[in-house]
Amino acid sequence: MITHYADLELQTVSIQGVKQAYVGGLQLPILHESSNFIRFQLTPFTTLSFKETYEAIYPVHFAIQVPYSQFNNISSFIRQSGLFILKQENGQYIDETDGRKNLYFRDGDGNLLEIIAHEYIKENQIELSGSLKAMYLREIGFPVKSVPIFRDWLKSTLKMKTERDQDTFNFVISGTVHAVVVSKERPWIPISMKALPPKMLVTLGTTDINFMNKLANKLDNSFLESDKVYFSKEGYNFCVKYSPDFKSSLLGELNLPLLS
Ligand SMILES: [Fe+2]
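Residues numbered from 1 in each chain as written. Predicted model: local features only at pLDDT ≥ 70, side-chain atom pairs only at ≥ 80, totals over all residues. Heavy atoms only, no water.

Draft legend 1. Region of interest: the packing of aromatic side chains. This structure, assessed with the given rule, holds 15 aromatic pairs. Seen from their ring centres, Trp-153 and Phe-238 are 5.7 Å apart, and the 45° between their planes marks the pair as tilted. Here Trp-153, found in helix H3 (residues 147–158), pairs with Phe-238, found in strand E16 (residues 236–242); they are 85 residues apart in sequence, far enough to count as distant. An aromatic cluster of at least three residues, connected via ring pairs, comprises Phe-142, Phe-150, Trp-153, Phe-231, Tyr-236 and Phe-238. The positively charged end of Lys-101 is found above the aromatic ring belonging to Tyr-68, 5.1 Å away from the centroid. Above the ring of Phe-171, the side-chain terminus of Arg-138 is found at 5.4 Å from the ring centroid. (Phe/Tyr/Trp six-rings, centres within 6.5 Å; stacked < 30°, edge-to-face > 60°. Helix = DSSP H or I, 4+ residues; strand = E, 2+ residues; numbered from the N terminus. Lys NZ or Arg CZ within 6 Å of the ring centre and 35° of its normal.)

Here it is, written out as structure tokens:
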């Protein structure tokens, strides 16, 4: 099974701007840097990467899970970071609904970031990373023409699951990974931002080498490279990476949904 997002690689028109937001603002440690590429360590198992390009940027939505008990402190840290904080539909910055808290903000390229916390997640099981106290990368948004087609592909090909199937907005889940599959017609909350399909490379981690090899055999046009398989769907670039160091018992300990 897919256990986690191992890396999210986005495009940017300014590495310097990315550094101001992610190092100066969010205080993420730099793992690797060149003239046109930068990679940050978000958690021990997840990196966030930016590749400089001479193209228009379509903003991405992604959400970082943080501990529920520390949500207000982490929100204060973000509000002091200099990043642009967005008001929710109720006019407040933090929304708190049914044991879920979240806060939306934007980086220099206009990506729509979110920190999110759930009361049901057992937060003492995991190491908290950096000033953001990141637990894991929870959500990446995938605007698509047809939610059912992309959702069913994630289910059949990557063995991801849903709690229920919906036509315009669907969480498709595996381990800590929540793919937010939305219709291009449905704007992102809380600012009714057009859901443009961004160019990105999403690397998914698995602790099961057989899962990765089977996937490589099953997919047309996939490219296998020792511990990684690359493929594309709906214009999105994917990589599944064999990640033997990820402790998959953590998933149950965190009380994540849809594990069996
Ligand atoms: Fe979200």
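Draft legend 2. Seen up close, the sheet that holds strand E4 (residues 46–52). With respect to topology, eight strands assemble into an open sheet ordered E2-E3-E4-E1-E13-E16-E15-E14, the strand pairing being mixed. Edge positions in the open sheet fall to strand E2 (30–34) and strand E14 (223–225), since each of these has one partner strand only. Neighbour to neighbour, the strand axes of the sheet diverge by 20° on average, direction disregarded. Two elements, strand E1 (residues 2–12) and E4, share six bridges in a ladder whose sense is parallel. Each residue of the ladder has a partner; that of Asp-7, found in E4, is Thr-47. (Pairing = 2+ DSSP bridges. Axes fitted to C-alpha atoms, helices over the stretch in contact; angles between N-to-C directions.)

Draft legend 3. Up close: the coordination of the iron ion. With distances of 2.0 to 2.3 Å, the protein atoms coordinating the iron ion are His-61 (NE2), Glu-114 (OE) and Glu-139 (OE). Each donor residue of the iron ion lies on one chain, and together they are spaced H-x52-E-x24-E. With a gap of 53 residues between them, His-61 in strand E5 (residues 61–65) and Glu-114 in strand E9 (residues 112–118) connect regions that are remote in the sequence. One exposure class covers both His-61 and Glu-114, and it is buried. (Donors = N, O, S within 2.8 Å, 3.2 Å for Na, K, Ca; no water. Buried < 20%, exposed > 50% of the residue type's maximum accessible area, 1.4 Å probe, protein only.)

Draft legend 4. A look at helix H1 (residues 15–25). Of the positions making up H1, those classed as buried are Ile-15, Val-18, Ala-21, Tyr-22 and Gly-25. Across the axial projection of H1, the buried residues extend over an arc of 160°, all falling on one side. Turned more than 90 degrees off the buried face of H1, the exposed positions are Gln-16, Gln-20 and Gly-24. Residues of H1 that are buried in the fold lie against E1, strand E3 (37–43), E4, E5, helix H2 (71–79) and E9. Positive phi shows up at Gln-27, right after H1, with a value of about 60°. (Arc of directions from axis to C-beta. Contact = heavy atoms within 4.5 Å.)

Draft legend 5. Molecular detail of the pairing of strand E8 (residues 100–106). Most of E8 is tucked away: six of the seven residues are buried. Here strand E6 (residues 84–85) pairs with E8 via two bridges, running antiparallel. Bridge pairing in E8 links Ile-85 to Phe-105. Note: strand E7 (residues 95–97) against E8, three bridges, orientation antiparallel. Paired with Asp-95 across the bridge in E8 is Asn-102.

Draft legend 6. The arrangement of the pattern of salt bridges in detail. Following the criterion strictly, the structure yields 10 salt bridges and no others. The shortest N-O distance in the salt bridge between Glu-55 and Lys-199 comes to 2.6 Å. With Glu-55 in the loop between E4 and E5 and Lys-199 in the loop between strand E12 (177–183) and strand E13 (200–206), the pair connects residues that are 144 residues apart, well separated along the chain. Arg-151 serves as the salt-bridge partner of Asp-152, at 3.2 Å between the closest nitrogen and oxygen. Judged by relative accessible area, Asp-152 falls into the partly exposed class, the value being 36%. The class for Arg-151 is buried, based on a relative accessible area of 6%. (Salt bridge = Lys/Arg side-chain N within 4 Å of Asp/Glu carboxyl O.)

Draft legend 7. Geometry of the environment of Asn-102. Along the polypeptide, Asn-102 turns up in strand E8. When sequence neighbours within four positions are dropped, the list of residues in contact with Asn-102 reads Phe-71, Gln-88, Tyr-93, Ile-94, Asp-95, Glu-114, Ile-115 and Ile-116.

Draft legend 8. Structural detail: the nonpolar core. Counting 60 residues, the largest nonpolar core has Tyr-22 and Phe-62 as its most contacted members. Ranked by residue count, the leading element in this core is H3, at five residues. Filtering out sequence-adjacent residues up to four positions away, Tyr-22 remains in contact with Gln-27, Leu-28, Phe-40, Leu-48, Phe-50, Phe-62, Asp-107 and Leu-113. Listed in part, the nine residues of the second largest apolar core include Ile-121, Tyr-136, Phe-246 and Leu-254. (Core = buried A, V, L, I, M, F, W, Y, C linked by side-chain atoms within 4.5 Å.)

Draft legend 9. Expanded view of the side chain of Ser-174. Within the secondary structure layout, Ser-174 lies in strand E11 (residues 169–174). Looking at Ser-174, its side chain comes within polar contact range of the main-chain oxygen of Ile-2, at 2.7 Å. The residues touching Ser-174, leaving out its near neighbours within four places in the chain, are Met-1, Ile-2, Thr-3, Lys-159 and Met-160. (Polar contact = N/O pair within 3.5 Å; in protein donor to acceptor, adjacent residues only side chain to side chain.)

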